[in-house]
Amino acid sequence: MEILVTGASGFLGTALCGRLESDGHRLVRLNSRICDLTRQGSLDPFDDRRYDQIYHLAAWTQAGDFCLRHPGQQWIINQQINTHVLAWWQSAQPQAKLIAMGTSCAYDPDLELVEENYLAGKPIESLFTYAMSKRMLYAGLVALGQQFALPYLCLVPSTLYGPAYHTDGRQMHFIFDLIRKVILGKECGMPVELWGDGHQRRELVYVDDFVEAAVRLAAAVEGKLVNVGAGEEFSIRHFARLICDRIGYDFEQVAFDTSRYVGARSKCLATARLHRLLPDWRQTPLGEGLDRTIDWFWTQREKLLNPHCAESPSPSGRGPG
Ligand SMILES: NC(=O)c1ccc[n+]([C@@H]2O[C@H](COP(=O)([O-])OP(=O)(O)OC[C@H]3O[C@@H](n4cnc5c(N)ncnc54)[C@H](OP(=O)(O)O)[C@@H]3O)[C@@H](O)[C@H]2O)c1
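Criteria and thresholds
Residues numbered from 1 in each chain as written. Predicted model: local features only at pLDDT ≥ 70, side-chain atom pairs only at ≥ 80, totals over all residues. Heavy atoms only, no water. Axes fitted to C-alpha atoms, helices over the stretch in contact; angles between N-to-C directions. Helix = DSSP H or I, 4+ residues; strand = E, 2+ residues; numbered from the N terminus. Parallel < 35°, antiparallel > 145°, perpendicular 65-115°, else oblique. Left-handed = near helix turned anticlockwise from the far one by under 90°. Contact = heavy atoms within 4.5 Å. Nonpolar A, V, L, I, M, F, W, Y, C, P; charged D, E, K, R; others polar. Pairing = 2+ DSSP bridges. Phe/Tyr/Trp six-rings, centres within 6.5 Å; stacked < 30°, edge-to-face > 60°. Lys NZ or Arg CZ within 6 Å of the ring centre and 35° of its normal.

K.L.:
Can you walk me through the packing of helix H3 (residues 71–92) against helix H4 (residues 128–148) in this structure?
P.N.:
Describing two packed helices takes the angle between their axes plus the distance from one axis to the other. Between H3 and H4, the least distance of the axes is 9 Å, while the angle of their chain directions is 15°. By the angle between their axes, H3 is roughly parallel relative to H4. Between H3 and H4 lies a crossing whose hand is right-handed. Residue-level contacts link Pro71, Gln74, Trp75, Asn78, Gln79, Asn82, Leu86, Trp89 and Gln90 of H3 to Thr129, Tyr130, Met132, Ser133, Met136, Leu137, Gly140, Leu141, Leu144 and Phe148 of H4. Its residues assigned to classes, the contact of H3 with H4 comprises 11 nonpolar, eight polar and no charged.

Rendered as structure tokens:
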């Protein structure tokens, strides 16, 4: 198939493009340097092909408190990106199925996180703008689907993890931040301090498992919103313990700062629809996924650890070998 991927240079985009290429598809991979989607007409140069699928992954966001500090910019930039992609799809590529990414933050935390509730109630205050721009993306898919009979699919991933995450210093999703802090505690003697009381609960999906689900759903499902979640969540304390055990750091040394921002107390996506559509979808066991992610961390130690470490980690430290 001919496939165009926006956000191809990101964490998910890299894994998705690897999979699509190994499946033998012809890809056009976009990022902000090749095609700044905030600019009207930025997609015009890619009109020379007729795409079978467009994966729309591009979004301007980061983890941590980034959304809290950039709500205005996030609104304008993400609305521009999404509007330009939707308009181009409708006008230039109406034969293509558009597979867009939603977010679990779009749900009202007081409601069940089931697909029928995606547009119901109000998202958590600290992520409001980002969440609403994702709701608007879904509203756009539905509207264009209705009026022009365009094929689409909207996937709602829970937090993704795995190797090949960012190494450029931006705010990290909690699991990567946790691994980094524990390694710095172990290797450099830095205090390991986590935000919140550690009882807030999170779910994780291994990035390649998400890609597997996305590719299969994109081939078979149309006109739907589908949550792609692990179906079970654990406390930050549980994740911290697993990581400490693997890295060889005493969990009792971990401190919890209850004055810091932690986001939602719990967010676990309902996955009945996913399992109805893909009954044989299997997930990488958490321990195995963490092992692979931690091994990758060690390969990136120069970029991820040394800037934070007064002295370089000792060469005898536990590495991937
Ligand atoms: N990672 C998760 O846990 C998670 C969870 C739920 C939903 N999602 C959604 O999944 C998608 C991919 O997430 P990710 O973690 O892979 O994000 P990411 O690593 O931050 O990647 C974002 C991508 O968007 C591109 N981009 C940003 N601004 C752009 C612009 N103005 N024009 C064109 N491209 C632009 C970036 O290009 P550059 O590299 O050039 O900046 C990059 O390729 C996003 O829509 C995100 O909301 C992710």
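K.L.:
For this particular structure, what's the right way to read the environment of Arg241?
P.N.:
For Arg241, the position within the fold is in helix H7 (residues 236–247). For the pair Arg241 and Val254, spaced 13 residues apart in the sequence, the C-alpha separation amounts to 9.3 Å.

K.L.:
Would you take a moment to explain the sheet that holds strand E2 (residues 26–29) for this structure?
P.N.:
What links the strands of a sheet is backbone hydrogen bonding, and the strands pair in either a parallel or an antiparallel sense. Strand order in the open sheet formed by six strands is E2-E1-E3-E4-E5-E10, with parallel pairing between adjacent strands. Edge positions in the sheet fall to E2 and strand E10 (224–228), since each has one partner strand and no second. In this sheet, neighbouring strand axes are inclined to one another by 20° on average, regardless of whether the strands run parallel or antiparallel. With four bridges joining them, strand E1 (residues 2–6) and E2 adopt parallel strand pairing. Within E2, the position partnered with Glu2 by the bridge is Arg26. Of the strands in this sheet, E1, E2, strand E3 (53–56) and strand E4 (97–101) are in contact with helix H1 (residues 11–22), which crosses E2 at around 160°. Against the sheet, helix H6 (residues 207–220) engages E3, E4, strand E5 (152–157) and E10, with an angle of about 160° to E5.

K.L.:
Explanation requested: the packing of aromatic side chains in the structure shown.
P.N.:
Aromatic ring pairs are reported here in terms of the distance separating the ring centres and the angle at which the planes meet. Within this structure, the stated rule accounts for 11 aromatic pairs. Taking the centre distance of 3.6 Å and the plane angle of 5° together, the rings of Tyr165 and Phe176 count as stacked. Of this pair, Tyr165 sits in the loop between strand E6 (159–161) and helix H5 (174–188) while Phe176 is found in helix H5, placing the two residues 11 residues apart along the sequence. Ring geometry for Trp296 against Phe297: centres 5.6 Å apart, planes inclined by 85°, an arrangement best described as edge-to-face. Following the ring pairs from residue to residue traces out a cluster consisting of Phe11, Tyr165 and Phe176. One Lys or Arg, Lys122, reaches over the ring of Phe128 and ends 5.7 Å from the middle of that ring.

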